[in-house]
Amino acid sequence: MKKALETEVAVIGGGVTGTGILRDLALRGIKAVLVEQGDLGHGTSTRNHGLLHSGCRYAVRDPEAAVESYQENLILKRTIPGSIEQTGGLFVKVPGDDDAYVRRWLDSCGKLGIPVGEIPLEQAFREEPYLTKEAQAVYQVPDGTIDDFTLLIDVAADAVAHGAALLTYHEVTGIMTEQNHVSGIHVRDTRNGEEQDIYAPIVINAAGPWGMNIAKMAGVPLRIINNKGMLVVFSHRFNKRVINRLRMPGDGDIFVPAHDVTIFGTTGKNTDDPNDFSLNREEMEQMLTTGADLIPEIHQMRLIRAYSGSRPLYQKTAGKGSSGRDVTRGMALLDHGERDGLDGLITITGGKLTTFRLMAERTVDLVCKKLGSDAQCTTREAALPSRKSTDSFSGANLAPAARHKLMNWAGVRTPEFETSLKDREAANVVCECEQVTWAEIDAAIPGDGHLDLGDIRRRTRLGMGPCQGTFCNFRTAALAVEHGKAGTREADCALMRGVKERRKGMGVVATGETAKQLQLMQTIYQVSLGFGNEEEKQHV
Amino acid sequence: MNDALLDLNMFEDSYEKCLKCNACVASCPVTGATLDFGGPKHMGPELKRLIDNQQVIDDKRIEYCTLCGNCDLSCPEDVHISTLTTYAKAIHTEKHGSSFRDFVLSNAELVGKMASAFAPVTNTAMKMKPMRQVMETVMRIPKERKFPKYKFKNFNRSFANKVHGSKRKVAYFVGCYAMYNAPEVAESFVKVMNFNGIEVVKPRQKCCGVPMLANGRLKQARKNAAFNIDSLLEYTRKGYDVVTTCTSCGLALKKEYLSIDGSDKAKELAAHVYDADEYLRMLKDNGELNTHLAPMKQKVGYHAPCHMRAQGMGTPAMDILELIPGFNIYDLGAGCCGQCGTFGFKKEKYGISMKLGRTMAESVKNLDADYTVTECGMCKNQLDQLTDKEVRHPMQILAESYERAKQLQTV
Amino acid sequence: MYDVVVIGQGLSGMLAAIWARGEGKRTAMIMSGAGKIMQSTGVLDLIPGSRGTLDEWMKQYPFHSENKADVLQAVAKFKALTRELGYPYNGDVREPVPVVTGSGHIKETALYPDTVTPVPDRGHAVVVGFQELPDFQPLFISKNLQKERPLMTVDAIRIPLGEDSQRVLTQLDAARLLDQKEVRARCLRRISGQLADKGISQADFFVFPSSLGNEAWAQTLKQFSEGLGARVTEAPGMPPNATAIRLNDRLKLKAIRSGVRLYADTTVTGADIEKNHIRSVRVRMANRATDVAGRQFVLATGGILGGGLEVTPDGIRETALHLNTDGDGRPMNPPDNLFLAGASGGRQLTRHGIVGGVYSLVSSYASVFGLRKTVAGGMAK
Ligand SMILES: Cc1cc2nc3c(=O)[nH]c(=O)nc-3n(C[C@H](O)[C@H](O)[C@H](O)COP(=O)(O)OP(=O)(O)OC[C@H]3O[C@@H](n4cnc5c(N)ncnc54)[C@H](O)[C@@H]3O)c2cc1C
Ligand SMILES: Cc1cc2nc3c(=O)[nH]c(=O)nc-3n(C[C@H](O)[C@H](O)[C@H](O)COP(=O)(O)OP(=O)(O)OC[C@H]3O[C@@H](n4cnc5c(N)ncnc54)[C@H](O)[C@@H]3O)c2cc1C
Ligand code: SF4
Ligand code: SF4
């Protein structure tokens, strides 16, 4: 018999928007189920720049978005400390950049109340040795960085802790309607094909770039432009703070330090297919050339991979030919009852990672209105636990670097890891680049027959370093079998999938050292380990 | 972030080229000898990447790194691993301070000056059991460990600059060992140069800084580097070549100063520095070498110091000594001696030091030559400890051969 | 002035240098670092990553069919050298054999040292792993081996080496531990204990990580095969494999002791070439550059992995001598006193990034002793 489930709200999309909504609903005591076709963050929410905007970037072009960003910036620093690094940011003017813009920018930031201060050039050069010595003016702003992986995991965990349900690897295949009202969604397990129905009077479309598909299922008109941006990852973190270019926002003008790497981007090209994560070498070269204005050594520095994601940009009028960047990046909250006469369906799209909480608040406010509830939003104050550990894992035989990683990672799970790490083998470092122990990996394997190295990566940083999983992917797959967390075929498949996925991101940046790294990976798997025939035989 | 540690920051980003290939790990003698060391890949590039622009991570296992540089030799990607481990050492010392012993050991120059002033007393004291017991207990310097002798008539006291205007002019970087412990090496070098009609001057100089680096005293090493760079540049700018008889000093001037000092002046200096044998080989290639060398029918084993190999110049000592008629020299191919500067003087490292030296001792034994040749005073110390063969510096042999040739001529 | 200047310290470079020196040539070897042999498995394949006969290999690389005798002679010379080094290689390039890898899959190889035993079709195998070693997981390996060898019974056990370290232990670390007699004895006891506990009957084939001793591999092999009463093999996989490190270390020592001059941690950054004839190469160490002159030069700088070729946004570049190359990095019209050995000959020679050990050794042989016949588009001299 087909499985069925009943709830008050069904949320479609496990990106930061949907997950934020799920938590808000749960905190307000509203029953909700979130359905996500892949792992949490399958879409744009793990394919972005990770900049906690101070609003400065939008100060001139979109003051409203700027203020929203700044306010949310302050709130998130307080409430999601575990996923935010308060790096601060710099805006740098280089020769050729418009002086008039600088004046307007300063003026607008002042008016909006975003604290901006000029810092002496020598100080900037000392603190950021890679910054171009051509810089003419440097301003300090309250930018920060967001770890979207931990953010998603922590927000979702809090939602679940407050009674919400989460279905990952489940795809929404249809919207159920009764007359002019939605009544639920059809869902399919993407791994075993099993179907089920989720009955809910309210359905929220938080499917990001896939939003139009959902609208189509419900038979309502919706126009979203998917604006694809490319980002590249440098092998190490060469800046302390976010470095922005002080000019009208354009391609290739932000360097974001993220843990042990620096992420640079981005571009903007419209695409019709939300599943289009393709990477283009030429686009990247152009972006790097622009980036060299800020960081002249950029062409000599090693890139370890590239990735892309799409910004879902809502279009009020379904007009053609918009370039993407001109469309509002503000959020769009659509009540399809009011708009299209299909009650109970809500679409929330656009916006930013930085404003996800606000988007959730507004969406759930609307839900409450519809449900006739007066529950108030508490996410402005309710903080998620920090990721820092107060204890130092003194019982575990860990080298300082691995200990350091755990102390900045384990957070509330510290006691759990203190216990598991007592086992000598659990303290073995499996991923050396990012210092991930077997204890962390073990805890991240669901053990439900669906070993996926990407899912583990997002939860632990496994394979995110310069070697891109050359060593740790193999170790993890084999250890999973050894410890009874996966079958051999499952592990072999996960391994081939994982290696292929890493190779894709490396391929486009594969010159110099990364070309070598890629070959080393290939040689080890195909020749040394003899997976050569294996790959052709079964999985590709 | 701790500011003092930020000051240590070196502009050293070669770590980003690391492929995690483990060649360095497989080649590091200390990694092979003990599981207590973290290995070059982790203690060098990996750690630096995790630290840069974030938070300092202090790992005390770095004390095991001897700065022998074998990791650098093996790394195909030109990661300056031992520079990065130097940095990890500096962090560790900065966080924990140096012990009195490490402070003393790293001050080769100060100790040299004092020990030499009281040379007879020092040398006797170092042989006295009660004295060594005290040193072992208080300073954790193992009592079995032999020490180089100190000479009262150190090279500073015996050498006077003489300028006579030869075509090639040499500014001699003597180094603490030849200055205080083995003035005979320095004197032989001057003789060899004189046999080639080359004027030698001794610029003002301080300890090259390598022992300091090995003990995490980066700031002090930097000061010494700055001093030496300025002092030596005065000469190179007047057409002098800088020549050393110590392979560690040579490596510092050619390579380490580029990363710990990093100035354009360091670069300028590096281009003028030669190892003594390398210098002679260059003379030979240019047809300028005095080849009146008297035959010496000897079978000799050559021990290549790590810091000689790290200079990437082939094996000039063998190239030069082979010019002596009848002289048979064989490379022992023994790898690291295990003394590693100050490392082998430390009680807690003594076992590893002995373990490392075993291969060398065995090859000396197997070759069974008349004596052993090596450039490095510290390698000599370990050879003295572990073998019963006499150990000589190439300059001593050359000087002897030249002198004999001269005697033969006059006879 | 050297007679022969070899650039590169990989399998190809070391063999060329040793053989040239053996012919009484004054020989130098210049390298920026160790060769890829340090990451390799230590077994020498014909066509890396696939199966193939000697004839197929000769066509692929390509050699003139008349050179088969040279190939066999090169292999014989290599085997003689390994015997002299105390680490003998077995096998016949005309009959590649199946060996088990560190993932439990089977690959074909041509030449392998005593520590590697070809894997049989049937019988009873036990895969033995060490708890401290993340690179070799016996259960995973045994299951994969079982898939590859359906007629075989395959079991897996795991024992602690009993050594604690905060470092990630490698197969080489394990090999060095097994150099100690007591550790070996302890391991044997633990293996017997485990076999008894799990009720595993007498097996005839034991699969170990590539860790059967480093210096004391012969004793380890003997003690283990006698102690277990079965054939024993190393299953090389994740680097560093002791199987390969032993060969690397021995070749390097041989080169040094026989008088090859090593220019280590240096990079060749150009050459003085006149009338298509190299007079000297420019060698850079830190901030200094010197010229090393020679009569003959062997370019054994490897391919993209080895660093001899570099992938740039504008295509492939030859790094050492700045030779003009075709799109695959194959030098066009190379100087008359230059010999190409190993992977430096261009990407068309590599499969999954490497040329394979057999090509390395044959090309090194050819660079010193020449070949009977050269074929257009085939191995350059
Ligand atoms: C290149 C780039 C850089 C950016 N940089 C920043 C930045 O620095 N700072 C910032 O604040 N913002 C940034 N953004 C914006 C930010 O990333 C996005 O606004 C945000 O991640 C959108 O999240 P979302 O949850 O709405 O969409 P998504 O994360 O895409 O989530 C939608 C989810 O819905 C799921 N889904 C779709 N269809 C179905 C279905 N049928 N069934 C089940 N599930 C389904 C998808 O799998 C996906 O996980 C950037 C965006 C891009 C593209
Ligand atoms: C992971 C891995 C697994 C392998 N497994 C197998 C296997 O199972 N079977 C098999 O047969 N083969 C295997 N091999 C390949 C084997 O090691 C071959 O010997 C190798 O591919 C080719 O060696 P080479 O000597 O031509 O070059 P390399 O080993 O690449 O050596 C190149 C040398 O040149 C030096 N160099 C490069 N550029 C310069 C320069 N400009 N100046 C100075 N020096 C320079 C480098 O430092 C290095 O010393 C494997 C290789 C790898 C990487
Ligand atoms: S300098 Fe020597 S001891 Fe230190 S890591 Fe390198 S090889 Fe090992
Ligand atoms: S040898 Fe060089 S590239 Fe290889 S692991 Fe060591 S530092 Fe990294």
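All of these numbers come straight from a predicted model, not from anything done at the bench.

Topic: the overall build of chain A
Each helix and strand counted, chain A has 17 helices and 24 strands in total. Dimensions of chain A, computed from C-alpha atoms along their principal axes, come out at roughly 65 × 65 × 45 Å. Within chain A, the proportion of its 540 residues that are buried is 64%. The long-range share in chain A, meaning contacts at least 24 apart out of those at least 6 apart in sequence, stands at 70%. Carbon and sulfur atoms provide 49% of the accessible area of chain A, an area that totals close to 19100 Å². For chain A, the centre of its 63 positive side-chain charges and the centre of its 70 negative side-chain charges are spaced 3 Å apart.

What to know about the pattern of salt bridges
Tallying each qualifying case throughout the model produces 88 salt bridges over all chains. Residue Asp39(A) is joined to Arg459(A) by a salt bridge in which the shortest nitrogen-to-oxygen separation is 2.8 Å. In this pair, Asp39(A) is assigned in the loop between strand S3 (32-35) and strand S4 (51-52) and Arg459(A) in helix H13 (residues 453-460), connecting sequence segments 420 residues apart. Among the salt bridges present, the one from Asp92(C) reaches Arg94(C), with a minimum N-O distance of 3.2 Å. The network of salt bridges with shared partners includes Arg101(B), Asp102(B), Arg140(B), Lys346(B), Glu348(B) and Lys349(B).

Points about the site of ligand 2
Lys36(C), Thr41(C), Asp45(C), Lys107(C) and Gly357(C) are the nearest of the 44 residues found near ligand 2. Of the chains in the model, those with residues near ligand 2 are chains A and C. Leu11(C) is positioned such that a nitrogen or oxygen atom in its backbone is 3.3 Å from an oxygen atom of ligand 2. Here an oxygen atom of ligand 2 and a backbone polar atom of Asp45(C) are 2.7 Å apart. When isolated, ligand 2 has an accessible area of 1000 Å², and the protein chains bury 98% of it. Taken together, the elements giving at least two residues each to the shell around ligand 2 come down to helix H16 (512-528) of chain A together with helix H1 (11-22), strand S12 (267-274) and helix H9 (357-369) of chain C. In terms of residue count, the dominant contributor to the shell around ligand 2 is H16(A) (five residues).

Examining the domain arrangement of chain A
Residues and elements named next belong to chain A. Domain boundaries in chain A define domain 1 (85-144 + 225-311) and domain 2 (400-539). In this structure, domain 1 and domain 2 have C-alpha centres spaced 30 Å apart. Of the residues lining the interface, 16 residues belong to domain 1; the matching set on domain 2 comes to 19 residues. Carbon and sulfur atoms supply 51% of the area that domain 1 and domain 2 bury against each other, a total of about 1400 Å² over both sides. Three residues stand out in domain 1 for area buried against domain 2, namely Arg-302, Ile-304 and Arg-305, and they jointly supply 46% of the buried area on that side. At the junction of domain 1 and domain 2, the tally comes to one salt bridge. One salt bridge in this structure joins Arg-305 and Glu-501, with 3.2 Å as the shortest N-O distance. Put simply, domain 1 and domain 2 have 10 residue pairs in polar contact (both at pLDDT 80 or more) between them. Top contributing element to the side of domain 1 that touches domain 2 by residue count: strand S20 (residues 303-314), with four residues. Of the residues in the side of domain 1 that touches domain 2, the class split is nine nonpolar, three polar and four charged.

Some thoughts on the state of the cysteines
Residues and elements named next belong to chain A. The tally for this structure, following the rule as stated, stands at zero disulfides over all chains. Counting only cysteine sulfurs, Cys-472 is the nearest neighbor of Cys-493, a cysteine outside any disulfide, at a range of 19 Å. You can call Cys-493 buried: its relative accessible area is 17%.

A few points about the interface of chain B and chain A
Contacts between the two partners involve 23 residues from chain B, matched on the other side by 32 residues from chain A. Both faces considered, chain B and chain A share a buried interface measuring about 2400 Å² in area, 50% of it formed by carbon and sulfur atoms. Sorting the residues of chain B by area buried against chain A places Glu16(B), Arg49(B) and Asn53(B) first, and these three jointly supply 30% of that buried surface. At the boundary of chain B with chain A, the tally comes to three salt bridges. Its salt-bridge partner being Glu432(A), residue Lys41(B) comes within 2.8 Å of it at the nearest N-O pair. Where chain B packs against chain A, one counts 18 residue pairs in polar contact (both at pLDDT 80 or more). When grouped by side-chain class, the residues that make up the side of chain B that touches chain A number seven nonpolar, four polar and 12 charged.

Description of the interface of chain C and chain A
By a widely used convention, the size of an interface equals the accessible area lost when the partners come together. At the junction of the two partners, chain C supplies 43 residues and chain A supplies 44 residues. Buried surface at the junction of chain C and chain A, both sides included, amounts to about 3600 Å², of which 58% is carbon and sulfur. For the salt bridge of Glu425(A) with Arg158(C), the shortest nitrogen-to-oxygen distance reads 2.4 Å. Counting residues per element, the ones that place at least two in the side of chain C that touches chain A are helix H4 (138-148) and strand S15 (309-312) of chain C. In terms of residue count, H4(C) provides more of the side of chain C that touches chain A than any other element does, seven residues in total. Here the residues of the side of chain C that touches chain A are counted per class, giving 14 nonpolar, 17 polar and 12 charged.

A closer look at the sheet that holds strand S2 (residues 199-201) of chain B
All names here are of chain B. Strand order in the open sheet formed by four strands is S2-S1-S3-S4, with parallel pairing between adjacent strands. Each edge of the sheet is formed by a strand with only one pairing partner; in this case those strands are S2 and strand S4 (273-275). Strand after strand, the sheet turns through a mean of 35 degrees between neighbouring axes, direction not considered. Sheet analysis places strand S1 (residues 169-173) next to strand S3 (residues 240-244), joined by five bridges and oriented parallel. Following the sheet pairing, Ala-171 is matched in S3 by Val-242. Packing of helix H15 (residues 218-236) onto the sheet brings it into contact with S1, S2 and S3, and relative to S3 it is tilted by some 135 degrees. Along the sheet, helix H16 (residues 247-260) makes contact with S1, S3 and S4, crossing S4 at roughly 155 degrees.

Conventions we followed
- Residues numbered from 1 in each chain as written.
- Chains lettered and ligands numbered in written order.
- Predicted model: local features only at pLDDT ≥ 70, side-chain atom pairs only at ≥ 80, totals over all residues.
- Heavy atoms only, no water.
- Helix = DSSP H or I, 4+ residues; strand = E, 2+ residues; numbered from the N terminus.
- Buried < 20%, exposed > 50% of the residue type's maximum accessible area, 1.4 Å probe, protein only.
- Contact = heavy atoms within 4.5 Å.
- Areas by Shrake-Rupley, 256 points an atom, 1.4 Å probe, with all protein chains shown as cover.
- Lys, Arg positive; Asp, Glu negative; His and termini not counted.
- Charge placed at Lys NZ, Arg CZ, Asp CG, Glu CD.
- Salt bridge = Lys/Arg side-chain N within 4 Å of Asp/Glu carboxyl O.
- Near = heavy atom within 4 Å.
- Polar contact = N/O pair within 3.5 Å; in protein donor to acceptor, adjacent residues only side chain to side chain.
- Domains from an automatic or database assignment.
- Buried area = accessible area lost by both parts, 1.4 Å probe.
- Nonpolar A, V, L, I, M, F, W, Y, C, P; charged D, E, K, R; others polar.
- Disulfide = S-S within 2.5 Å.
- Pairing = 2+ DSSP bridges.
- Axes fitted to C-alpha atoms, helices over the stretch in contact; angles between N-to-C directions.

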